[in-house]
Amino acid sequence: MGNKIVTFTEEQLDDYQDCTFFTRKEILRVFKKFRELNPSLVPKTMTANEPVTVRVPIEIVTKMPELKENPFRERICTVFSRDGQGISFEDFLDLFSAFSEHAPRDIKVQYAFRIYDFDGDQFLGTSDLEKTLQSLTRDELSPDEVSLVSTKVLEEADVDDDGKLSFGEFEHVITRAPDFLTTFHIRI
């Protein structure tokens, strides 16, 4: 009949649909975006273990239109990368799923916390808050201003006064931010 290329097996598509917030059609659209990042590296057929083993370098992923203006593009890629070096299709699909409009608030909050936790210690300390502010303001605040804002954030949100924000404290603050869901979003 035709020479239709099979990108994924039915089982793979079922699994991806079960563990993301996407339809099959959206999964294939995400794959198209992934393949466009580096067509010579990413094969058209991903029916074996290629969705996990084929990795596009983070430097290439950060240049895609959906991320290139985001001040956290490197952190986003690092958080979603299983090895910290490259992004596999499954990493890429997870990234787009977490940033989709269908992802629930709790998923978005978990990933936002991980993105802002620069040192990976499961808390947002002063240095994490300072790096977050520097990224958000694109280094337009003076060091004194960054320090002042970080101190004020901790004064307001650090309920147990341990000098850092736990996930629960961060979640309490971020869920009151009215624009969080609309800004933590990437369209496919």
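Just so we're clear, the structure is a prediction, and the values are computed from it rather than from any experiment.

**Comments concerning the UniProt feature "domain: EF-hand" (unreviewed entry) in the protein**
Piece 1. Look at the UniProt record and you will see "domain: EF-hand" (unreviewed entry) annotated at residues 104-139 and 145-180.
Piece 2. Taken end to end, residues 104-139 is 64% helix and 0% strand, and its first and last C-alpha atoms sit 31 Å apart.
Piece 3. Helix makes up 61% of residues 145-180 and strand 0%, with an end-to-end C-alpha separation of 23 Å.

**Points about the environment of Glu74**
Piece 1. Structurally, Glu74 can be placed in helix α5 (residues 73-80).
Piece 2. Linking Glu74 and Glu59, residues 15 residues apart in sequence, is a C-alpha distance of 8.1 Å.

**Regarding the pattern of salt bridges**
Where charged atoms of side chains with opposite charge meet at close range, the side chains can pair.
Piece 1. Applying the stated rule across the entire model yields 11 salt bridges.
Piece 2. Between Arg55 and Asp91 there is a salt bridge, with the nearest N and O atoms lying 2.9 Å from each other. With Arg55 in strand β1 (residues 55-57) and Asp91 in helix α6 (residues 89-98), the pair connects residues that are 36 residues apart, well separated along the chain.
Piece 3. Judged by its relative accessible area of 22%, Arg55 is partly exposed.
Piece 4. On the basis of relative accessible area, Asp91 is assigned to the buried category, the value being 0%.
Piece 5. Close ionic contact of Arg73 with Glu74 constitutes a salt bridge, the shortest N to O distance being 3.8 Å.

**Description of the packing of aromatic side chains**
Piece 1. Using the criterion set out here, one finds 16 aromatic pairs in the structure.
Piece 2. Ring centres of Phe8 and Tyr16 lie 5.5 Å apart, and the angle between their planes is 85°; this geometry places the pair in the edge-to-face category.
Piece 3. Aromatic ring contacts, followed pair by pair, group Phe8, Tyr16, Phe31, Phe34, Phe89, Phe92 and Phe96 into a single cluster.
Piece 4. Here the guanidinium or amino end of Arg75 rests over the ring plane of Phe118, the centre of that ring lying 5.2 Å away.
Piece 5. When the ring centre of Phe123 is taken as reference, the NZ or CZ atom of Lys164 above it lies at 4.2 Å.

Here is what the cut-offs are and how they apply
Residues numbered from 1 in each chain as written. Predicted model: local features only at pLDDT ≥ 70, side-chain atom pairs only at ≥ 80, totals over all residues. Heavy atoms only, no water. UniProt positions renumbered as here; feature names shortened; annotations may be inferred. Helix = DSSP H or I, 4+ residues; strand = E, 2+ residues; numbered from the N terminus. Salt bridge = Lys/Arg side-chain N within 4 Å of Asp/Glu carboxyl O. Buried < 20%, exposed > 50% of the residue type's maximum accessible area, 1.4 Å probe, protein only. Phe/Tyr/Trp six-rings, centres within 6.5 Å; stacked < 30°, edge-to-face > 60°. Lys NZ or Arg CZ within 6 Å of the ring centre and 35° of its normal.

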